[in-house]
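Structural description and commentary
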Amino acid sequence: MSTKKINKKTPTKHSLVSKLPPSIFTNDKSPLKKKLLNKSVRAKVTTFSVCEPIEAEFKERRELYRSLFNSIDEGFSIVEVLFKKTGKAYDHRILEANDAFTKHTGIKNPVGKMSSDLVPGGEQIFNEIYGQVVKTGTPQRFEQKSVAMGRWFNIFVSRVGEVSKNTVAVIFTDITKTKLDEAKIQHSETRYRGFVTASSDVIYRMSPDWLEMHELYGREYIADTKKPSSKWLQKYIHKDDQEGMLIEIKKAIKSKSIFQMEHRVKHIDGTLGWTFSRAVPIVDAEGKITEWFGAATDVTERRSTEDMLHTSETRYRRLFETAKDGILILDVDSRKITDANPFISELISYSKEELLGKELWEIGFFRDKKENKVAMQELQRVGYIRYNDLPLKTRKGKKIDVEFVSNKYRENGHFVIQCNIRDITLRKKEQAELTEAKIETQTTKENLNRLFKCASAIIAVLKGPELVFEMANLQYQKLVGLNRELIGLPLEVAFPDIEPSLLKIIKDVAEKGIRFETNELPIELDWNNDGKRYTKFLSLVYEPLYDSKKKPNGLMCFDNDISEQVENRKKLEEAARTKEEFLSMASHEMRTPVTSIKSYAQVLEARFKKDGDEASVHMVSKLVEQVDNLNSLIKDLFDDTKVKEGKLDLHPQYFDFNSLVSEVIEEMRHTTEKHKIKLKLEDIPNIYADKQRLRQVIVNLLTNSIKYSPDATRINVATRKSGKSIALHVQDFGFGIPKAAQTKIFTRFYRVQGKELDTYPGLGLGLYITADIVKKHGGSIEVKSSAGKGATFIITLPVKMKIV
Ligand code: ADP
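We now turn to the structure provided with this report. Predicted, not measured: the structure shown is a model, and the values here were computed from it.

Points about the site of the ligand
Near the ligand there are 18 residues, and of these Asn-704, Tyr-708, Asp-732, Arg-751 and Leu-767 occur at the shortest range. Here an oxygen atom of the ligand sits 2.9 Å away from a polar atom, N or O, in the side chain of Asn-704. Every element with two or more residues in the shell around the ligand is listed here: helix 20 (691-707) and helix 21 (766-776). With 3 residues, helix 20 is the largest single contributor of residues to the shell around the ligand. Here the residues of the shell around the ligand sort into 9 nonpolar, 6 polar and 3 charged.

Some points on empty space enclosed by the protein
Evaluated as defined, the whole model comprises 5 cavities of 30 Å³ or more. The computed volume of the largest cavity comes to approximately 260 Å³. Lining the largest cavity are 20 residues, and of these His-92, Thr-105, Phe-126, Tyr-130 and Met-149 sit closest to its centre. For the lining of the largest cavity, the per-class residue count stands at 13 nonpolar, 6 polar and 1 charged. Along the wall of the second largest cavity there are 17 residues; nearest its centre are Tyr-476, Phe-495, Leu-502, Leu-525 and Tyr-542. For the lining of the second largest cavity, the elements supplying multiple residues, two or more each, are helix 14 (474-480), helix 16 (500-512), strand 19 (516-525), strand 20 (534-546) and strand 21 (552-561). Broken down by element, the residue count for the lining of the second largest cavity peaks at 3 residues, all from helix 14. Grouping the constituent residues of the lining of the second largest cavity by class yields 16 nonpolar, no polar and 1 charged.

Section: the sheet that holds strand 19
Taken together, the 5 strands give an open sheet; going across it, the order is 18-17-21-20-19, and neighbouring strands pair in antiparallel fashion. The open sheet has two edge strands, strand 18 (468-472) and strand 19, and neither has a second partner. Taken over all neighbouring pairs, the strand axes of this sheet differ in orientation by 35° on average, direction set aside. Bridge count between strand 17 (residues 458-463) and strand 21: 6 bridges; the pairing is antiparallel. Paired with Val-461 across the two strands is Met-556, which belongs to strand 21. The sheet strands contacting helix 17 (residues 563-611) are strand 19, strand 20 and strand 21, and the helix crosses strand 20 at an angle near 135°.

Brief notes about the pairing of strand 21
Within a regular beta strand, the side chains point alternately toward one face of the sheet and then the other, so they alternate between its two faces. Pairing of strand 20 with strand 21 involves 8 bridges; the strand directions are antiparallel. Paired with Val-541 across the bridge in strand 21 is Phe-558. The turn linking strand 20 back onto strand 21 is made up of 5 residues, and Lys-550 within it adopts a positive phi angle of 65°.

Some details on unusual backbone geometry
Unusually for a residue other than glycine, Asn-109 sits at a positive phi of about 45°. Of note, the phi angle at Lys-256 is positive, near 50°, even though the residue is not glycine. Positionally, Lys-256 belongs in the loop between helix 8 (239-255) and strand 9 (259-266).

Thoughts on a negative patch on the surface
The grouping of Glu-430, Glu-433, Glu-436 and Glu-440 at the surface amounts to a negative patch. Here Glu-440 is to be found in helix 13 (residues 425-454). On the basis of relative accessibility, which here comes to 54%, the residue Glu-440 falls in the exposed class.

Calculation criteria
Residues numbered from 1 in each chain as written. Predicted model: local features only at pLDDT ≥ 70, side-chain atom pairs only at ≥ 80, totals over all residues. Heavy atoms only, no water. Near = heavy atom within 4 Å. Polar contact = N/O pair within 3.5 Å; in protein donor to acceptor, adjacent residues only side chain to side chain. Helix = DSSP H or I, 4+ residues; strand = E, 2+ residues; numbered from the N terminus. Nonpolar A, V, L, I, M, F, W, Y, C, P; charged D, E, K, R; others polar. 1 Å grid on protein atoms, 1.4 Å probe; cavity = no way out; pocket = protein on both sides within 12 Å on 5 of 7 lines; lining within 4 Å. Points joined across faces, edges and corners; volume = space filled by probe spheres on them. Pairing = 2+ DSSP bridges. Axes fitted to C-alpha atoms, helices over the stretch in contact; angles between N-to-C directions. Contact = heavy atoms within 4.5 Å. Patch = residues over 30% accessible without salt bridge, like charges linked within 9 Å, V, L, I, M, F, W, Y side chains within 5 Å. Areas by Shrake-Rupley, 256 points an atom, 1.4 Å probe, with all protein chains shown as cover. Salt bridge = Lys/Arg side-chain N within 4 Å of Asp/Glu carboxyl O. Lys, Arg positive; Asp, Glu negative; His and termini not counted. Charge placed at Lys NZ, Arg CZ, Asp CG, Glu CD. Buried < 20%, exposed > 50% of the residue type's maximum accessible area, 1.4 Å probe, protein only.

Structure below.
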């Protein structure tokens, strides 16, 4: 036990007297003296030998002293200190003691007694301090425990009386209770701090108004504050929690009660966490807050667990509400529905209210109560039941198929059953359709493969950016050489010598989706893979192929090797050309001799006429007629060559077309005895055209009319004007021309076939040449006819031909 010396300048709350200066005992005019004198003093005066003033003075003083002596709450005694020869104080005797003495010490009637008698085994320390005061005259205040008395005292000692008397006044208070309280408080505060320190993640001390943080130990959890700081709010507290925290602080300060709050803090590593913070106000003797001692615990984990729980609960609920599966929750014991989601209500047409409290068999899941019970028992036993395809009838009688899965699980310490019900009606239907479609696809695929293999066409499939051969049928393989490897090879690897122009065509198809088709493409390649290049003619179709995103991604080739046909055609063309050349030459060569024959025949005819040899005249006239026929054939052949070569030249002039028509008809009248040619001419302007060629046209049309209407007697010819054109109509009433032949008659060598028709001479060139002449004039030719009813040929010519 240590002795605490208390600074004499520090007043204590315990003693009224202690607040009075020691001079009270020597100063007569003190205010206290007056105050005390006015009080009703019933103090009993006992032996007192302090000094010897005059009687009255002494009496007054004694009374005053006595009053004071007994009116105070503190224990008060005058003691004589006893010294050894060595000068060491060893005991003291109580000379005076007030009433409070007993209260504070528990000692009755102490006056006149030795301390060592009153308190056997009492502490020497008291004697020592009293001795010092006697010797030095300096008053002392101290707190001291007397183990022997089992009490704590707050003591003020002052020398009184003469020095030689060795007397001191002792004013004291029993502070045992306060000391105990203090010890208790200290103990509990130490314990609290210890506990808090041990159990908290963060410890802090705040100024009474919380404006300043005195210190904070963050334990590597949040940053320490070692020096007082007023920036703690911004430093530690999440901005969203600052306002709420200030409100809580204000409340705590006002009520001087514990501050407590769960809030977010900034961790040392920059992350955010949750903390539970508490602070107790530390108050002084007067109940004033001296500081706040706080501790905080990291509750981040708990918060995140709580958040997770909350989130998962919210998620579950959301799932439950929005699930596209029906969900039913059942009580394990009663087997009754306790919850149902909206989907199941809709699926089986029961409202949630209707479902609650029902068992599964009541809403159609099991046949009857018994079956329901068996299923539930199975579920209880195994914890799980599943029906992959359960037929179900909804309340409205609709038949559906469901997948039914049921689990038993624990929820808040209690077992529940969750049933998930999925409508698989559509899925089943789709599955069936899919299987069907799969079989169909498979069959189609097989058929296609067979077709691909057996087809006489040459087929290959190339895919991807590198144009890799995916398929090539036997024909294709034959085309490019059976020894050539194709499948799996990119086009340019399989055919390193492929022509760039062909490669471009193929790439355009495969990459840009441009379909390519051609009839006769010469392709030069090392076709047989034997190092020799030569040309083959292919007719081909390159069809683009597309990927799943509809992007061109390859091609399918359908080729046909037409090299042989091309070869044959070329041979035929060559032969035809030789024939044409021969005809052209022959017609040219025949014209002169035939003209001579006609001249000689005409001379003969004139002579026979002169001689009156009618029979010979007739024969020669027939000869002339045939020569004319021959001549026109030769002329046609000659013209044909010209038309074909585009060398039929026109020499236009202005002339009267009507006159030309009349002229030709006049000539033609002699060639037929049977037909009457009726002419109807409209007033038309002079035209600008090749007169000779148009004569040839009129002759040709009239000749045909006569030739192909042997049984008719009439032919109508008319000219007409329409706008800037004139027209010529030649109508006969003969065989007519079948519809199908009407466009063909203007083509080269075409002649309508038929029994009678074959007998009429001709090469099938007349209308071909006629049409060419008309076209060259910028005009047109058409025929109106039906078989057996005659034909009308109409040519239209511009008044003024345009020279092309
Ligand atoms: P062709 O020398 O055979 O007469 P054309 O070119 O003049 O040659 O006529 C072609 C074919 O048109 C004839 O063979 C004939 O069958 C048919 N044809 C031409 N004109 C007539 C017509 N007025 N009536 C019936 N058929 C005609």
